[in-house]
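The chain contents come next:
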Amino acid sequence: MFTENILSKQFGISETVYNYVQKIEKEIKYKHFENIDKIREKNQYKVIRAMQENRLNYTNFYWNTGYGYDDPGREKVEKIYASVFNTEDALVRPSIASGTHALYLTLSGILQHGDEVISISGRPYDTLLTVLGEEGNEANNLKEAGIVYKEVPLYNDDIDWEGAIKAVTMKTKLLMIQRSTGYSFRPGLTIEKIKFAIEKIRKVYPNICIMVDNCYGEFVHELEPSDVGADVVVGSLIKNPGGGIALSGGYIVGKKHIIDRLANRLTAPGLGKELGLTFGTTRNTLQGLFFAPHIVSEAVKGALLFGGVYSSLGFEITPEIEEERSDIIQAIKFNNKDMVIKICEAVQAASPVDGHVSPVPWEMPGYTNQVIMASGAFVSGSSIELSADAPIRPPYIAYIQGGLFYDHVKLSVMLSLEKMTEFDEIKYAINK
Ligand SMILES: *Cc1c(COP(=O)(O)O)cnc(C)c1O
(Lines give C-alpha, C1' and ligand atoms only; values in the text may rest on other atoms or scores of the structure.)
Protein backbone atom coordinates (compact mmCIF):
# COMPACT_ATOMS: atom_id res chain seq x y z
CA MET A 1 0.00 0.00 0.00
CA PHE A 2 1.38 3.41 -1.00
CA THR A 3 0.01 4.97 2.18
CA GLU A 4 2.56 2.85 4.10
CA ASN A 5 5.37 4.44 2.12
CA ILE A 6 7.56 7.01 3.93
CA LEU A 7 6.78 9.50 1.14
CA SER A 8 3.11 9.30 1.91
CA LYS A 9 3.35 8.98 5.67
CA GLN A 10 6.08 11.54 6.34
CA PHE A 11 5.92 13.90 3.39
CA GLY A 12 2.25 13.77 2.42
CA ILE A 13 2.92 12.80 -1.17
CA SER A 14 0.03 11.20 -2.98
CA GLU A 15 0.28 8.11 -5.10
CA THR A 16 -0.81 10.10 -8.16
CA VAL A 17 2.07 12.54 -7.76
CA TYR A 18 4.51 9.73 -7.04
CA ASN A 19 3.50 7.78 -10.12
CA TYR A 20 3.59 10.87 -12.29
CA VAL A 21 7.15 11.69 -11.26
CA GLN A 22 8.23 8.04 -11.62
CA LYS A 23 6.98 8.00 -15.18
CA ILE A 24 8.89 11.16 -16.16
CA GLU A 25 11.99 9.94 -14.34
CA LYS A 26 11.98 6.73 -16.33
CA GLU A 27 11.96 8.64 -19.61
CA ILE A 28 14.76 11.06 -18.77
CA LYS A 29 16.89 8.37 -17.14
CA TYR A 30 16.72 6.22 -20.20
CA LYS A 31 17.60 9.05 -22.57
CA HIS A 32 20.03 11.23 -20.66
CA PHE A 33 21.66 9.79 -17.57
CA GLU A 34 24.27 7.71 -19.35
CA ASN A 35 25.76 10.75 -21.03
CA ILE A 36 25.85 12.67 -17.74
CA ASP A 37 27.68 9.75 -16.13
CA LYS A 38 30.27 9.72 -18.91
CA ILE A 39 31.05 13.40 -18.37
CA ARG A 40 31.21 12.86 -14.61
CA GLU A 41 33.68 10.04 -14.99
CA LYS A 42 36.04 12.01 -17.20
CA ASN A 43 35.94 15.01 -14.92
CA GLN A 44 36.57 12.86 -11.87
CA TYR A 45 39.72 11.45 -13.45
CA LYS A 46 40.81 14.95 -14.44
CA VAL A 47 40.49 16.19 -10.86
CA ILE A 48 42.29 13.20 -9.35
CA ARG A 49 45.11 13.54 -11.87
CA ALA A 50 45.48 17.25 -11.06
CA MET A 51 45.86 16.42 -7.38
CA GLN A 52 48.44 13.73 -8.09
CA GLU A 53 50.43 15.79 -10.58
CA ASN A 54 50.76 18.55 -8.06
CA ARG A 55 51.74 16.09 -5.32
CA LEU A 56 48.99 17.01 -2.94
CA ASN A 57 49.92 15.80 0.51
CA TYR A 58 48.41 15.88 3.96
CA THR A 59 50.54 18.75 5.24
CA ASN A 60 48.93 20.96 2.59
CA PHE A 61 45.90 21.06 4.85
CA TYR A 62 47.81 22.86 7.63
CA TRP A 63 47.87 26.62 7.62
CA ASN A 64 50.03 29.57 8.38
CA THR A 65 49.60 32.75 10.39
CA GLY A 66 50.58 36.36 9.82
CA TYR A 67 51.54 37.31 6.28
CA GLY A 68 51.24 33.73 5.08
CA TYR A 69 54.51 33.66 3.12
CA ASP A 70 55.22 30.29 1.56
CA ASP A 71 51.87 28.84 2.53
CA PRO A 72 52.18 25.42 0.87
CA GLY A 73 48.45 24.67 1.03
CA ARG A 74 47.48 27.92 -0.64
CA GLU A 75 49.99 27.35 -3.41
CA LYS A 76 48.82 23.76 -3.87
CA VAL A 77 45.16 24.76 -4.17
CA GLU A 78 46.02 27.28 -6.85
CA LYS A 79 48.25 24.86 -8.76
CA ILE A 80 45.55 22.20 -8.71
CA TYR A 81 42.92 24.64 -9.95
CA ALA A 82 45.27 25.71 -12.74
CA SER A 83 45.75 22.06 -13.71
CA VAL A 84 42.04 21.25 -13.68
CA PHE A 85 41.19 24.30 -15.77
CA ASN A 86 44.22 23.88 -18.00
CA THR A 87 45.56 27.38 -17.35
CA GLU A 88 48.94 28.88 -16.53
CA ASP A 89 47.91 30.16 -13.15
CA ALA A 90 45.07 30.58 -10.66
CA LEU A 91 43.87 32.68 -7.77
CA VAL A 92 41.67 30.67 -5.39
CA ARG A 93 41.16 32.19 -1.99
CA PRO A 94 38.81 32.56 0.93
CA SER A 95 39.48 36.31 0.74
CA ILE A 96 37.49 36.33 -2.50
CA ALA A 97 34.06 36.67 -0.94
CA SER A 98 31.84 35.43 -3.76
CA GLY A 99 31.46 35.01 -7.48
CA THR A 100 30.55 38.66 -7.91
CA HIS A 101 33.65 39.66 -5.98
CA ALA A 102 35.81 37.43 -8.19
CA LEU A 103 34.26 39.00 -11.29
CA TYR A 104 34.71 42.54 -9.97
CA LEU A 105 38.29 41.76 -9.04
CA THR A 106 38.90 40.52 -12.58
CA LEU A 107 37.22 43.45 -14.31
CA SER A 108 38.70 46.12 -12.08
CA GLY A 109 42.13 44.48 -12.20
CA ILE A 110 42.28 44.33 -15.98
CA LEU A 111 40.44 47.50 -17.00
CA GLN A 112 41.79 51.01 -16.64
CA HIS A 113 40.31 54.48 -17.06
CA GLY A 114 39.13 54.95 -20.64
CA ASP A 115 39.05 51.25 -21.44
CA GLU A 116 35.99 49.61 -22.84
CA VAL A 117 34.46 46.27 -21.87
CA ILE A 118 31.88 44.53 -24.03
CA SER A 119 29.54 41.84 -22.83
CA ILE A 120 29.05 39.66 -25.90
CA SER A 121 26.44 37.43 -24.28
CA GLY A 122 23.81 40.11 -23.80
CA ARG A 123 22.62 41.51 -20.50
CA PRO A 124 24.74 40.11 -17.65
CA TYR A 125 23.68 38.75 -14.29
CA ASP A 126 22.01 41.29 -11.96
CA THR A 127 24.89 41.78 -9.53
CA LEU A 128 27.25 42.46 -12.44
CA LEU A 129 25.07 45.32 -13.58
CA THR A 130 25.64 46.99 -10.23
CA VAL A 131 29.38 46.31 -10.50
CA LEU A 132 29.48 47.84 -13.97
CA GLY A 133 27.48 50.87 -12.84
CA GLU A 134 24.64 50.06 -15.22
CA GLU A 135 22.29 49.78 -12.26
CA GLY A 136 22.43 51.82 -9.08
CA ASN A 137 25.16 54.26 -8.20
CA GLU A 138 27.46 52.38 -5.88
CA ALA A 139 30.82 53.82 -4.97
CA ASN A 140 33.75 52.33 -6.88
CA ASN A 141 31.67 50.83 -9.61
CA LEU A 142 33.37 50.53 -12.98
CA LYS A 143 31.54 53.48 -14.49
CA GLU A 144 32.93 55.72 -11.76
CA ALA A 145 36.40 54.40 -12.59
CA GLY A 146 35.95 55.67 -16.14
CA ILE A 147 35.33 52.32 -17.77
CA VAL A 148 32.91 52.22 -20.66
CA TYR A 149 30.47 49.33 -20.86
CA LYS A 150 28.82 48.05 -24.01
CA GLU A 151 26.70 45.05 -24.80
CA VAL A 152 26.09 42.85 -27.83
CA PRO A 153 22.87 40.87 -27.47
CA LEU A 154 22.74 37.17 -28.20
CA TYR A 155 21.42 36.13 -31.57
CA ASN A 156 19.25 32.97 -31.53
CA ASP A 157 20.62 32.11 -28.09
CA ASP A 158 24.14 32.16 -29.48
CA ILE A 159 27.00 34.65 -29.42
CA ASP A 160 26.70 37.11 -32.29
CA TRP A 161 30.40 36.94 -33.12
CA GLU A 162 30.02 39.15 -36.16
CA GLY A 163 28.27 41.77 -34.03
CA ALA A 164 30.97 41.37 -31.42
CA ILE A 165 33.74 41.95 -33.97
CA LYS A 166 31.95 45.07 -35.23
CA ALA A 167 31.52 46.42 -31.71
CA VAL A 168 35.24 46.29 -30.89
CA THR A 169 37.00 49.66 -30.99
CA MET A 170 40.52 50.89 -30.30
CA LYS A 171 39.48 51.23 -26.69
CA THR A 172 38.12 47.72 -26.21
CA LYS A 173 40.25 45.90 -23.65
CA LEU A 174 38.01 43.03 -22.65
CA LEU A 175 35.18 40.90 -23.96
CA MET A 176 33.07 39.11 -21.41
CA ILE A 177 30.93 36.04 -21.87
CA GLN A 178 28.45 34.71 -19.34
CA ARG A 179 28.18 30.96 -19.76
CA SER A 180 25.07 30.35 -17.73
CA THR A 181 21.49 31.50 -17.92
CA GLY A 182 21.70 33.97 -15.04
CA TYR A 183 18.34 35.67 -14.67
CA SER A 184 17.53 35.56 -18.36
CA PHE A 185 15.55 32.89 -20.15
CA ARG A 186 17.95 31.11 -22.42
CA PRO A 187 19.98 27.93 -22.22
CA GLY A 188 23.56 28.21 -20.99
CA LEU A 189 26.07 28.86 -23.77
CA THR A 190 27.64 25.53 -24.60
CA ILE A 191 31.40 25.02 -24.72
CA GLU A 192 31.07 24.44 -28.47
CA LYS A 193 29.37 27.81 -28.96
CA ILE A 194 31.93 29.59 -26.79
CA LYS A 195 34.77 27.90 -28.66
CA PHE A 196 33.37 28.80 -32.07
CA ALA A 197 32.83 32.45 -31.16
CA ILE A 198 36.29 32.80 -29.61
CA GLU A 199 37.91 31.32 -32.71
CA LYS A 200 36.05 33.71 -35.01
CA ILE A 201 36.87 36.75 -32.89
CA ARG A 202 40.52 35.75 -32.51
CA LYS A 203 40.93 35.63 -36.28
CA VAL A 204 40.33 39.38 -36.33
CA TYR A 205 41.58 40.34 -32.88
CA PRO A 206 44.18 37.75 -31.89
CA ASN A 207 45.18 39.49 -28.68
CA ILE A 208 41.90 40.73 -27.26
CA CYS A 209 41.31 39.55 -23.71
CA ILE A 210 38.31 37.26 -23.26
CA MET A 211 36.81 36.55 -19.85
CA VAL A 212 34.17 33.94 -19.12
CA ASP A 213 31.84 34.10 -16.14
CA ASN A 214 31.75 30.35 -15.53
CA CYS A 215 29.31 30.41 -12.58
CA TYR A 216 27.19 27.22 -12.53
CA GLY A 217 28.99 25.80 -15.56
CA GLU A 218 31.94 23.93 -14.05
CA PHE A 219 32.04 20.18 -14.79
CA VAL A 220 28.80 20.16 -16.77
CA HIS A 221 30.94 19.44 -19.84
CA GLU A 222 34.26 17.63 -20.03
CA LEU A 223 35.91 20.86 -21.15
CA GLU A 224 35.93 24.29 -19.54
CA PRO A 225 35.99 27.68 -21.29
CA SER A 226 39.72 27.89 -20.56
CA ASP A 227 40.20 24.73 -22.66
CA VAL A 228 38.72 26.49 -25.68
CA GLY A 229 40.50 29.81 -25.71
CA ALA A 230 39.22 32.00 -22.86
CA ASP A 231 42.06 33.99 -21.26
CA VAL A 232 40.49 34.20 -17.84
CA VAL A 233 37.67 32.20 -16.26
CA VAL A 234 35.88 33.13 -13.06
CA GLY A 235 33.52 31.46 -10.60
CA SER A 236 32.35 30.86 -7.07
CA LEU A 237 33.38 28.12 -4.66
CA ILE A 238 29.91 27.86 -3.19
CA LYS A 239 28.64 26.78 -6.56
CA ASN A 240 29.84 23.83 -8.68
CA PRO A 241 33.58 23.61 -8.03
CA GLY A 242 33.18 23.68 -4.26
CA GLY A 243 31.22 20.44 -4.42
CA GLY A 244 29.07 21.52 -1.47
CA ILE A 245 32.09 21.18 0.80
CA ALA A 246 33.94 24.47 0.30
CA LEU A 247 32.74 26.99 2.86
CA SER A 248 33.41 30.17 0.93
CA GLY A 249 35.60 31.71 -1.72
CA GLY A 250 36.00 32.36 -5.40
CA TYR A 251 38.40 31.36 -8.13
CA ILE A 252 40.02 33.01 -11.11
CA VAL A 253 42.05 30.90 -13.52
CA GLY A 254 43.89 32.06 -16.61
CA LYS A 255 47.01 33.42 -18.22
CA LYS A 256 49.85 34.15 -15.84
CA HIS A 257 50.22 37.83 -16.75
CA ILE A 258 46.52 38.35 -16.00
CA ILE A 259 46.59 36.46 -12.71
CA ASP A 260 49.64 38.52 -11.69
CA ARG A 261 47.73 41.74 -12.30
CA LEU A 262 44.70 40.50 -10.39
CA ALA A 263 46.82 39.29 -7.48
CA ASN A 264 48.30 42.77 -7.22
CA ARG A 265 44.77 44.11 -7.06
CA LEU A 266 43.67 41.57 -4.46
CA THR A 267 46.63 42.24 -2.16
CA ALA A 268 48.86 45.13 -3.28
CA PRO A 269 51.29 45.90 -6.08
CA GLY A 270 54.47 44.05 -5.22
CA LEU A 271 52.77 41.63 -2.85
CA GLY A 272 50.74 39.70 -5.41
CA LYS A 273 50.11 36.04 -4.69
CA GLU A 274 52.82 35.74 -2.06
CA LEU A 275 50.61 36.79 0.84
CA GLY A 276 47.25 35.86 2.24
CA LEU A 277 46.15 33.29 4.74
CA THR A 278 43.97 30.33 3.97
CA PHE A 279 42.58 30.07 7.52
CA GLY A 280 42.41 26.32 7.34
CA THR A 281 40.23 26.23 4.24
CA THR A 282 42.51 24.25 1.93
CA ARG A 283 41.17 20.86 2.93
CA ASN A 284 37.54 21.86 2.37
CA THR A 285 38.36 23.62 -0.86
CA LEU A 286 40.16 20.60 -2.28
CA GLN A 287 37.85 17.95 -0.92
CA GLY A 288 35.02 19.97 -2.46
CA LEU A 289 36.83 20.03 -5.78
CA PHE A 290 37.29 16.28 -5.49
CA PHE A 291 33.53 15.85 -4.92
CA ALA A 292 32.51 18.39 -7.56
CA PRO A 293 32.31 16.23 -10.72
CA HIS A 294 30.01 13.80 -8.96
CA ILE A 295 27.91 16.43 -7.24
CA VAL A 296 27.48 18.38 -10.45
CA SER A 297 26.24 15.24 -12.21
CA GLU A 298 23.64 14.75 -9.47
CA ALA A 299 22.52 18.35 -9.86
CA VAL A 300 22.22 18.05 -13.64
CA LYS A 301 20.10 14.91 -13.27
CA GLY A 302 17.90 16.72 -10.77
CA ALA A 303 17.53 19.69 -13.12
CA LEU A 304 16.38 17.32 -15.84
CA LEU A 305 13.75 15.84 -13.57
CA PHE A 306 12.41 19.27 -12.61
CA GLY A 307 12.41 20.27 -16.27
CA GLY A 308 10.85 17.02 -17.40
CA VAL A 309 7.99 17.20 -14.93
CA TYR A 310 7.10 20.86 -15.48
CA SER A 311 7.48 20.82 -19.25
CA SER A 312 5.18 17.80 -19.36
CA LEU A 313 2.61 19.96 -17.61
CA GLY A 314 2.85 22.55 -20.37
CA PHE A 315 5.22 25.10 -18.84
CA GLU A 316 7.93 26.59 -20.96
CA ILE A 317 11.37 25.59 -19.69
CA THR A 318 14.96 26.36 -20.54
CA PRO A 319 17.05 24.47 -21.32
CA GLU A 320 14.61 22.11 -22.94
CA ILE A 321 14.94 18.43 -22.18
CA GLU A 322 16.62 17.49 -25.43
CA GLU A 323 18.90 20.50 -25.43
CA GLU A 324 22.57 20.27 -24.47
CA ARG A 325 23.10 21.64 -20.97
CA SER A 326 25.91 24.00 -20.09
CA ASP A 327 24.97 24.83 -16.53
CA ILE A 328 23.07 23.27 -13.63
CA ILE A 329 20.12 25.64 -13.85
CA GLN A 330 16.61 24.67 -14.79
CA ALA A 331 14.48 27.69 -15.52
CA ILE A 332 10.71 27.28 -15.55
CA LYS A 333 8.42 30.04 -16.74
CA PHE A 334 5.20 30.08 -14.74
CA ASN A 335 3.61 33.36 -15.84
CA ASN A 336 2.06 33.28 -12.39
CA LYS A 337 3.35 34.90 -9.22
CA ASP A 338 1.65 32.47 -6.85
CA MET A 339 3.09 29.45 -8.62
CA VAL A 340 6.60 30.83 -8.54
CA ILE A 341 6.30 31.44 -4.82
CA LYS A 342 4.76 28.00 -4.34
CA ILE A 343 7.63 26.18 -6.01
CA CYS A 344 10.19 28.06 -3.92
CA GLU A 345 8.23 27.10 -0.80
CA ALA A 346 8.32 23.45 -1.86
CA VAL A 347 12.07 23.47 -2.45
CA GLN A 348 12.50 24.98 1.01
CA ALA A 349 10.18 22.40 2.55
CA ALA A 350 12.27 19.57 1.05
CA SER A 351 15.49 20.93 2.57
CA PRO A 352 17.48 19.11 5.25
CA VAL A 353 18.29 22.47 6.91
CA ASP A 354 15.60 25.08 7.60
CA GLY A 355 12.97 22.79 6.12
CA HIS A 356 10.45 24.20 8.59
CA VAL A 357 10.69 27.82 7.46
CA SER A 358 9.00 29.51 4.54
CA PRO A 359 10.82 31.86 2.15
CA VAL A 360 9.41 35.31 1.34
CA PRO A 361 10.39 37.84 -1.34
CA TRP A 362 12.91 40.50 -0.17
CA GLU A 363 15.24 43.21 -1.44
CA MET A 364 18.62 41.52 -1.76
CA PRO A 365 21.83 43.56 -1.89
CA GLY A 366 23.03 43.91 -5.48
CA TYR A 367 19.70 42.89 -7.00
CA THR A 368 17.24 45.33 -8.53
CA ASN A 369 13.90 43.53 -8.02
CA GLN A 370 12.54 41.72 -5.02
CA VAL A 371 13.77 38.14 -5.08
CA ILE A 372 12.41 35.04 -3.38
CA MET A 373 15.09 32.51 -2.53
CA ALA A 374 14.63 29.00 -1.24
CA SER A 375 17.75 27.54 0.23
CA GLY A 376 18.04 25.05 3.02
CA ALA A 377 21.75 24.62 2.71
CA PHE A 378 24.49 23.36 5.01
CA VAL A 379 26.65 26.16 3.64
CA SER A 380 24.66 29.36 3.76
CA GLY A 381 23.83 30.70 0.32
CA SER A 382 25.41 27.74 -1.40
CA SER A 383 23.61 27.12 -4.66
CA ILE A 384 25.28 23.86 -5.59
CA GLU A 385 23.01 22.68 -2.82
CA LEU A 386 19.41 22.53 -3.97
CA SER A 387 18.02 26.02 -4.20
CA ALA A 388 15.39 27.91 -6.10
CA ASP A 389 15.08 31.59 -6.68
CA ALA A 390 12.85 33.88 -8.60
CA PRO A 391 12.93 37.62 -9.19
CA ILE A 392 9.41 38.84 -8.48
CA ARG A 393 8.67 40.25 -11.91
CA PRO A 394 6.79 38.91 -14.95
CA PRO A 395 7.00 36.43 -16.56
CA TYR A 396 7.66 34.87 -13.15
CA ILE A 397 10.49 32.51 -13.91
CA ALA A 398 11.78 30.15 -11.23
CA TYR A 399 15.47 29.26 -11.43
CA ILE A 400 16.15 25.94 -9.80
CA GLN A 401 19.65 24.71 -9.35
CA GLY A 402 21.83 22.37 -7.43
CA GLY A 403 21.18 19.37 -5.31
CA LEU A 404 24.04 17.46 -3.73
CA PHE A 405 22.10 14.27 -4.26
CA TYR A 406 19.59 13.39 -6.92
CA ASP A 407 17.28 11.71 -4.37
CA HIS A 408 16.92 15.02 -2.59
CA VAL A 409 16.00 16.82 -5.80
CA LYS A 410 13.50 14.11 -6.62
CA LEU A 411 11.86 14.54 -3.23
CA SER A 412 11.57 18.24 -3.85
CA VAL A 413 10.09 17.68 -7.32
CA MET A 414 7.42 15.47 -5.73
CA LEU A 415 6.74 17.92 -2.92
CA SER A 416 6.48 20.81 -5.36
CA LEU A 417 4.05 18.92 -7.54
CA GLU A 418 1.97 17.96 -4.52
CA LYS A 419 1.74 21.63 -3.49
CA MET A 420 0.97 22.65 -7.07
CA THR A 421 -2.12 20.46 -7.09
CA GLU A 422 -3.71 23.39 -5.28
CA PHE A 423 -3.95 24.89 -8.75
CA ASP A 424 -6.80 23.26 -10.63
CA GLU A 425 -5.06 23.17 -14.00
CA ILE A 426 -2.18 21.18 -12.53
CA LYS A 427 -4.42 18.86 -10.59
CA TYR A 428 -6.30 18.19 -13.77
CA ALA A 429 -3.14 17.63 -15.83
CA ILE A 430 -1.60 15.02 -13.56
CA ASN A 431 -4.85 13.11 -13.22
CA LYS A 432 -5.35 12.88 -16.95
C1 LIG B 1 25.83 33.33 -9.11
C2 LIG B 1 26.31 34.07 -10.27
C3 LIG B 1 27.16 35.17 -10.13
C4 LIG B 1 27.52 35.75 -8.82
O5 LIG B 1 27.97 34.88 -7.90
P6 LIG B 1 27.80 35.15 -6.32
O7 LIG B 1 28.72 34.15 -5.78
O8 LIG B 1 26.37 34.92 -6.00
O9 LIG B 1 28.24 36.55 -6.07
C10 LIG B 1 27.63 35.77 -11.27
N11 LIG B 1 27.27 35.35 -12.48
C12 LIG B 1 26.44 34.32 -12.65
C13 LIG B 1 26.05 33.92 -14.02
C14 LIG B 1 25.94 33.65 -11.55
O15 LIG B 1 25.13 32.62 -11.73
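Refer to the preceding data block for the structure.
Conventions adopted
- Residues numbered from 1 in each chain as written.
- Predicted model: local features only at pLDDT ≥ 70, side-chain atom pairs only at ≥ 80, totals over all residues.
- Heavy atoms only, no water.
- Helix = DSSP H or I, 4+ residues; strand = E, 2+ residues; numbered from the N terminus.
- Rg over C-alpha atoms; globule rule 2.2 N^0.38 Å.
- Buried < 20%, exposed > 50% of the residue type's maximum accessible area, 1.4 Å probe, protein only.
- Contact = heavy atoms within 4.5 Å.
- Near = heavy atom within 4 Å.
- Polar contact = N/O pair within 3.5 Å; in protein donor to acceptor, adjacent residues only side chain to side chain.
- Areas by Shrake-Rupley, 256 points an atom, 1.4 Å probe, with all protein chains shown as cover.
- Nonpolar A, V, L, I, M, F, W, Y, C, P; charged D, E, K, R; others polar.
- Phe/Tyr/Trp six-rings, centres within 6.5 Å; stacked < 30°, edge-to-face > 60°.
- Lys NZ or Arg CZ within 6 Å of the ring centre and 35° of its normal.
- Patch = residues over 30% accessible without salt bridge, like charges linked within 9 Å, V, L, I, M, F, W, Y side chains within 5 Å.
- Salt bridge = Lys/Arg side-chain N within 4 Å of Asp/Glu carboxyl O.
- Axes fitted to C-alpha atoms, helices over the stretch in contact; angles between N-to-C directions.
- Parallel < 35°, antiparallel > 145°, perpendicular 65-115°, else oblique.
- Left-handed = near helix turned anticlockwise from the far one by under 90°.

Points about the overall build of the protein chain
Tallying secondary structure elements over the protein chain gives 12 helices and 13 strands in all. Here the C-alpha atoms of the protein chain give a radius of gyration of 22 Å, agreeing with the 22 Å that 2.2 N^0.38 yields for 432 residues. The principal-axis extents of the C-alpha atoms in the protein chain amount to approximately 70 × 50 × 40 Å. Counting the 432 residues in the protein chain, one finds 58% classified as buried. Residue pairs at least 24 apart in sequence account for 70% of intrachain contacts in the protein chain once pairs closer than 6 positions are excluded.

Examining the side chain of Thr190
Looking at the secondary structure, you find Thr190 in the loop between strand S4 (172-178) and helix H7 (191-204). Here Thr190 falls in the buried class, since its relative accessible area comes to 9%. Not counting residues up to four positions away in its chain, the partners in contact with Thr190 are Glu324 and Ser326.

Description of the site of the ligand
Taken together, Ser98, Gly99, Thr100, Leu103, Tyr125, Gln178, Ser180, Asp213, Cys215, Tyr216, Ser236 and Lys239 are the residues near the ligand. Within the side chain of Thr100, an N or O atom sits 2.6 Å from an oxygen atom of the ligand. Measuring from an oxygen atom of the ligand, one finds a side-chain N or O atom of Lys239 at 3.0 Å. Its free accessible area being 370 Å², the ligand has 90% of it covered by the protein chains. No other element matches the 3 residues that helix H4 (residues 99-110) contributes to the shell around the ligand. Residue composition of the shell around the ligand, grouped by class: 4 nonpolar, 6 polar and 2 charged.

Remarks on the packing of aromatic side chains
Here the distance between the centres and the angle between the planes together describe a pair of aromatic rings. As enumerated under the stated definition, the model contains 17 aromatic pairs in all. Seen in terms of ring centroids, Tyr58 and Tyr62 are 6.1 Å apart; in terms of plane orientation they differ by 80°. Their pairing is edge-to-face. With a relative accessible area of 57%, Tyr58 lands in the exposed category. Members of the aromatic cluster, connected to one another through ring pairs, are Phe306, Tyr310, Phe315 and Phe334. A cation over a ring is seen here: Lys239 above Tyr125, with NZ or CZ 5.6 Å from the ring centre. A cation over an aromatic ring shows up here: Lys239 above the ring of Tyr216, its NZ or CZ 4.1 Å from the ring centre.

What about a nonpolar patch on the surface?
A cluster of nonpolar residues, Tyr45, Ile48, Phe290 and Phe291, forms a patch on the protein surface that exposes about 350 Å² of accessible area. Of all the secondary-structure elements, those providing two or more residues to the nonpolar patch are helix H2 (15-53) and helix H9 (282-312). Its location among the elements puts Phe291 in helix H9.

Examining the packing of helix H10 (residues 337-349) against helix H11 (residues 406-420)
When two helices pack together, you describe them by how their axes are tilted relative to each other and by the distance separating the axes. Relative to each other, H10 and H11 sit at 140°, their axes nearing to 8 Å. Classified by the angle their axes make, H10 and H11 are oblique. Every pair of crossing elements has a handedness; the one defined by H10 and H11 is right-handed. Across the interface between the two elements, Met339, Lys342, Ile343, Glu345, Ala346, Val347 and Ala349 of H10 pack against Ser412, Leu415, Ser416, Lys419 and Met420 of H11. Residue classes in the contact of H10 with H11 are distributed as 7 nonpolar, 2 polar and 3 charged.

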